Structures are given as structure tokens and as C-alpha cells.
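Next come the chains, spelled out residue by residue.
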Amino acid sequence: VQLQASGGGLVQAGGSLRLSCAASGRTFSNSGMGWFRQAPGKERELVASVSAGPSKTYYVDSVKGRFTIARDNAKNAVYLQMDSLKPEDTAVYYCGGTSYRTTFAPRLSSSYAYWGQGTLVTVSS
């Protein structure tokens, strides 16, 4: 499975960005998907995840109400809509996918077998 993340960039605080992750190589609809981020000097953390089906989602507390994860199985893609961005959201964002079908939104990084390259999100104050 190959994952390709895109959509990062520089945005002012309060602005929005939409990250995309395109998947190829297997039946995408069978994978739980997630977005992680890693800020300089910090460990990688899960931001949001979505189950293979029926769609259940998980958000870390710091992004609840601001970020939305969504998947489009017809396009083999998962998205992260980020609104009301804050400087503390600055990080490299990674998408990940599981190798097994999930009925829950996977939370542990060890659950993910496939990773995309990172896309940098910089939020200026």
C-alpha cells in the first residue's frame, strides 16, 4: 500500500487547510485510516482517525470541534479539514492506514502498517 499526503502549507492563525491522503495498492475501504502529527522536539501523536466501516471517528481533545476527518472510498482518499488553526497545530502531518479491517477508529500508532510521507503545516501567529 502506498499513501501520498498533500495539502500542507503556511497559514495564519484562524485560517483553514485541507489535507489529503491518496491510497493505492490494496482495497482501501478495508483499512482504518488516521492522521498523525509530529512537532519539532515532540513525539508523533494521533490527531484523528476513522474506521473502515461503518464510519466511526476519533479526535484528540486538542482538535475537537476544529478538525474533521472524512474518507471517500470511491476515490481511495482520506481528508483532514482543519479549521480555526492555531500556532500549536504547527507540525509535520502524516497519514496512516491499517492492514486489517476495523470497525473502530484506530488510536494506536502500532495499529498502522502503512504510512505516507509527511506534509508540513505551519501556522503563524
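Here we summarise the structure given alongside this text. (Residues numbered from 1 in each chain as written. Predicted model: local features only at pLDDT ≥ 70, side-chain atom pairs only at ≥ 80, totals over all residues. Heavy atoms only, no water.)

### Points about the sheet that holds strand S1 (residues 2–6)
Working definition: the strands of a sheet are paired by backbone hydrogen bonds and lie parallel or antiparallel to each other. Judged by pairing direction, the sheet is antiparallel, and its four strands sit side by side in the order S1-S3-S8-S7 without closing on themselves. Of all strands in the sheet, those with a lone pairing partner are S1 and strand S7 (67–72), marking the two edges. Within the sheet, the average angular offset between the axes of one strand and its neighbour, ignoring direction, is 15°. With six bridges joining them, strand S3 (residues 17–24) and strand S8 (residues 77–82) adopt antiparallel strand pairing. (Pairing = 2+ DSSP bridges. Helix = DSSP H or I, 4+ residues; strand = E, 2+ residues; numbered from the N terminus. Axes fitted to C-alpha atoms, helices over the stretch in contact; angles between N-to-C directions.)

### Remarks on unusual backbone geometry
Even without a glycine there, the phi angle at Asn76 is positive, about 50°. As for its placement among the helices and strands, Asn76 is situated in the loop between S7 and S8. Positive phi, normally seen in glycine, also occurs at Ser84, with a value near 50°. Within the fold, Ser84 resides in the loop between S8 and strand S9 (91–97). Exposure remark for Ser84: the relative accessible area of 41% places this residue in the partly exposed category. (Buried < 20%, exposed > 50% of the residue type's maximum accessible area, 1.4 Å probe, protein only.)

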